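Structural features, examined
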Amino acid sequence: MPEEETLERAREDERKGLSPSTQAGEFVREEMEHIREGKHGARSPEQAIAIGLSKARRAGVKLPPPKRGKARTKRQARRDLAKGGRRKQPSRTRSRAVRGALKREGRRSASRKALSRHAKRAARARSATSRSAAARKAARTRKRRR
């Protein structure tokens, strides 16, 4: 269950008209914080991000399933989207089992080094044109300093 603060930040992003991926970023940030403070671990930065995205979809963020990727991932994303917005008390037994499994995982997956490595690897997988366009948009939409 996401924290109320995270839900509020995501709602604020939605009110501002920001993209679903930006709204989902709040949930990913929360997940990284959980790992850093020792609430649980993750095997890789990808797993931590996936948990955050799943929470976002279940919280009602209209984030579409990935276009590329494994069929199982897409199927799970569709399921999360379908469950989105519904507020049902989570199963206590299942929650404990999930937390128990995550507790046994490492904490390094949310370190600055691991996230930097992941970002570089993800960027390399994109085309030069795509990276360039993203950089131009970032420059255009960057907050101006006085």
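None of the values given here were measured: they were computed from a predicted structure. (Residues numbered from 1 in each chain as written. Predicted model: local features only at pLDDT ≥ 70, side-chain atom pairs only at ≥ 80, totals over all residues. Heavy atoms only, no water.)

**Examining the environment of His-40**
With respect to the helices and strands, the residue His-40 is situated in the loop between helix H2 (20-36) and helix H3 (45-58). Judged by relative accessible area, which is 6%, His-40 ranks as buried. C-alpha separation for the pair His-40 and Val-61, spaced 21 residues apart in sequence, amounts to 24 Å. Among all residues touching His-40, those that are not within four sequence positions of it are Glu-31, His-34, Ile-35, Leu-102, Lys-103 and Arg-107. Separated by 2.7 Å, the side chains of His-40 and Glu-31 make a polar contact. (Helix = DSSP H or I, 4+ residues; strand = E, 2+ residues; numbered from the N terminus. Buried < 20%, exposed > 50% of the residue type's maximum accessible area, 1.4 Å probe, protein only. Contact = heavy atoms within 4.5 Å. Polar contact = N/O pair within 3.5 Å; in protein donor to acceptor, adjacent residues only side chain to side chain.)

**What to know about the packing of H3 against helix H4 (residues 71-83)**
In the contact formed by H3 and H4, the axes pass within 6 Å of each other and the chain directions differ by 35°. Two secondary-structure elements touch here, H3 through Ser-54, Arg-57 and Arg-58 and H4 through Gln-76, Ala-77, Asp-80, Leu-81 and Lys-83. Of the residues assigned to the contact of H3 with H4, the class counts are 2 nonpolar, 2 polar and 4 charged. (Axes fitted to C-alpha atoms, helices over the stretch in contact; angles between N-to-C directions. Nonpolar A, V, L, I, M, F, W, Y, C, P; charged D, E, K, R; others polar.)

**As for the nonpolar core**
Within the largest apolar cluster, 7 residues are counted, these being Leu-7, Ala-10, Ala-24, Phe-27, Ala-56, Val-61 and Leu-63. Breaking this core down by element, the ones donating at least two residues are helix H1 (4-15) and H2. Beyond its immediate stretch of four places on either side in the chain, Ala-56 contacts Ala-24, Phe-27 and Val-61. (Core = buried A, V, L, I, M, F, W, Y, C linked by side-chain atoms within 4.5 Å.)

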